[in-house]
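Residue-level listing of the chains:
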Amino acid sequence: MTLDASSRKEKLYRLVVVSFGLLCILQAAANIGLRLSLYSSNARMPDFEAIIKNLTEEGEDLKRKLSLFDRYFQEGWVYLRPSFYYISSSEKSWQESRDDCLQRGADLMIINSKEEQEFARQFKRLTWIGCTDRETEGVWKWVDGTAVKTSFSYWHNGEPNSYQSKEEDCGEIKYYEDENSWNDEPCNKKNFWICEKVVAQ
Ligand code: BGC
Ligand code: CA
């Protein structure tokens, strides 16, 4: 081999090595670039699967609520947020009225807002409400066990009075023309009644 030919061969060899090296560097750079771009786009990508799952669950929940509301309306309940109310069309004793409400998955109405008091009064009928002092005379309690607060009550003037020393242990709407319409009455008297079912707070 001549000197000229051997130096050309060496140059070619070097060119091949350098080219291969460059190719390796390029490949590595492309790899890193691709990984970086994938990572950053992943970070910004919304989690569609989670979003769809969430929306489906919310939809199911709404469907359940709608069919519940539909059922109550069909059965003649009236909605006054956050409760449904059932207004009886017959008369029963306080306990029988309460049992009717319990059977409907509700209880006798508890009045703890001015709106509820107005609602109960508007029917202009003798109506049982869910308060009693059967347990301890003079200690009025709602059917959920909470106290009837003196700071929030609508007893008519002079009531509750256990009239003529009779046992008047159950609460009713009596003086419906007056905002302060509550009266205590013997529990075995027959009255209309209102059931309440709380559905949303
Ligand atoms: C009722 C009592 C009430 C009284 C008031 C009676 O007819 O039974 O509960 O307190 O009237 O005058
Ligand atoms: Ca009374």
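For the structure given in this document, a descriptive report is provided here. (Residues numbered from 1 in each chain as written. Chains lettered and ligands numbered in written order. Predicted model: local features only at pLDDT ≥ 70, side-chain atom pairs only at ≥ 80, totals over all residues. Heavy atoms only, no water.)

1. Describing the overall build of the chain
Reasoning step 1: In terms of regular secondary structure, the chain is built from four helices and eight strands.
Reasoning step 2: N-terminal to C-terminal, the α/β element order of the chain is α-α-β-β-α-β-α-β-β-β-β-β.
Reasoning step 3: Counting every position in the chain, which comprises 201 residues, the buried fraction comes to 30%.
Reasoning step 4: If you sum the accessible surface of the chain, you get close to 13800 Å²; carbon and sulfur atoms cover 57% of it. (Helix = DSSP H or I, 4+ residues; strand = E, 2+ residues; numbered from the N terminus. Buried < 20%, exposed > 50% of the residue type's maximum accessible area, 1.4 Å probe, protein only. Areas by Shrake-Rupley, 256 points an atom, 1.4 Å probe, with all protein chains shown as cover.)

2. What about the coordination of the calcium ion (ligand 2)?
Reasoning step 1: At this site the calcium ion (ligand 2) is bound by Glu159 (OE), Asn161 (OD1), Glu168 (OE), Asn183 (OD1), Asp184 (O) and Asp184 (OD), with donor distances of 2.2 to 2.5 Å.
Reasoning step 2: Counting gaps between the donor residues of the calcium ion (ligand 2) yields the pattern E-x1-N-x6-E-x14-N-D. Remark: asparagine 183 occurs in strand β7 (residues 182–185) and glutamate 168 occurs in the loop between β5 (141–142) and β6 (170–173); sequence separation between them is 15 residues. Accessibility assignment for this pair places glutamate 168 and asparagine 183 in one class, buried. (Donors = N, O, S within 2.8 Å, 3.2 Å for Na, K, Ca; no water.)

3. Quick notes on helix α2 (residues 48–74)
For the α-helix, the turn length of 3.6 residues means that residues three or four positions removed from each other point alike.
Reasoning step 1: Look at α2: 38 Å from first C-alpha to last across 27 residues, which is about the 39 Å you get at 1.5 Å a residue.
Reasoning step 2: Backbone geometry just downstream of α2 places glycine 76 in the positive-phi region, at approximately 90°. (Expected span 1.5 Å × (residues − 1).)

4. Focus on the site of ligand 1
Reasoning step 1: Ligand 1 sits among Glu159, Asn161, Tyr163, Glu168, Tyr175, Asn183, Asp184 and Glu185.
Reasoning step 2: Aspartate 184 has a polar backbone atom sitting 2.9 Å from an oxygen atom of ligand 1.
Reasoning step 3: In this structure, an oxygen atom belonging to ligand 1 sits 2.9 Å away from a side-chain N or O atom of glutamate 185.
Reasoning step 4: Its free accessible area being 310 Å², ligand 1 has 71% of it covered by the protein chains.
Reasoning step 5: Its residues assigned to classes, the shell around ligand 1 shows two nonpolar, two polar and four charged. (Near = heavy atom within 4 Å. Polar contact = N/O pair within 3.5 Å; in protein donor to acceptor, adjacent residues only side chain to side chain. Nonpolar A, V, L, I, M, F, W, Y, C, P; charged D, E, K, R; others polar.)

5. Focus: the pairing of strand β8 (residues 192–198)
Reasoning step 1: Most of β8 sits inside the fold, with six of its seven residues counted as buried.
Reasoning step 2: Judged from the five bridges that link them, strand β2 (residues 83–87) and β8 form a sheet pairing that is antiparallel. Paired with tyrosine 85 across the bridge in β8 is glutamate 196.
Reasoning step 3: Note that strand β3 (residues 107–108) and β8 share two bridges and pair antiparallel. Directly across from leucine 108, in β8, lies its bridge partner cysteine 195.
Reasoning step 4: In this structure, strand β4 (residues 127–132) lies alongside β8, joined through two bridges in parallel fashion. Paired with tryptophan 128 across the two strands is tryptophan 193, which belongs to β8. (Pairing = 2+ DSSP bridges.)

6. Some words on helix α3 (residues 94–103)
Reasoning step 1: Buried within α3 are the following residues: Trp94, Ser97, Arg98, Asp100 and Cys101. Buried residues of α3, viewed axially, fall in a sector of 155°; they line one side.
Reasoning step 2: In this structure, the buried side of α3 is in contact with β2, β3, β4, β6 and β8.
Reasoning step 3: Once α3 finishes, glycine 105 follows within two positions and takes phi at roughly 75°, a positive value. (Arc of directions from axis to C-beta. Contact = heavy atoms within 4.5 Å.)

7. Some details on the nonpolar core
Reasoning step 1: Core analysis: the largest hydrophobic core is formed by 30 residues, its most contacted members being Ile111, Trp142 and Trp182.
Reasoning step 2: Those elements that provide at least two residues to this core are β2, α3, α4 (114–121), β4, β6 and β8. (Core = buried A, V, L, I, M, F, W, Y, C linked by side-chain atoms within 4.5 Å.)

8. Let's talk about the environment of methionine 109
Reasoning step 1: For methionine 109, the position within the fold is in the loop between β3 and α4.
Reasoning step 2: Once residues within four sequence positions are removed from consideration, methionine 109 is found in contact with Tyr85, Glu116, Phe119, Ala120, Ile129, Gly130, Trp142, Ile194, Cys195 and Glu196.

9. Thoughts on the pairing of β7
Reasoning step 1: Of the two faces of β7, the one holding Trp182 and Asp184 and the one holding Asn183 and Glu185 are both buried throughout.
Reasoning step 2: Across four bridges, the pairing between β6 and β7 is antiparallel. Looking across to β7, one finds that glutamate 172 is bridged to asparagine 183.

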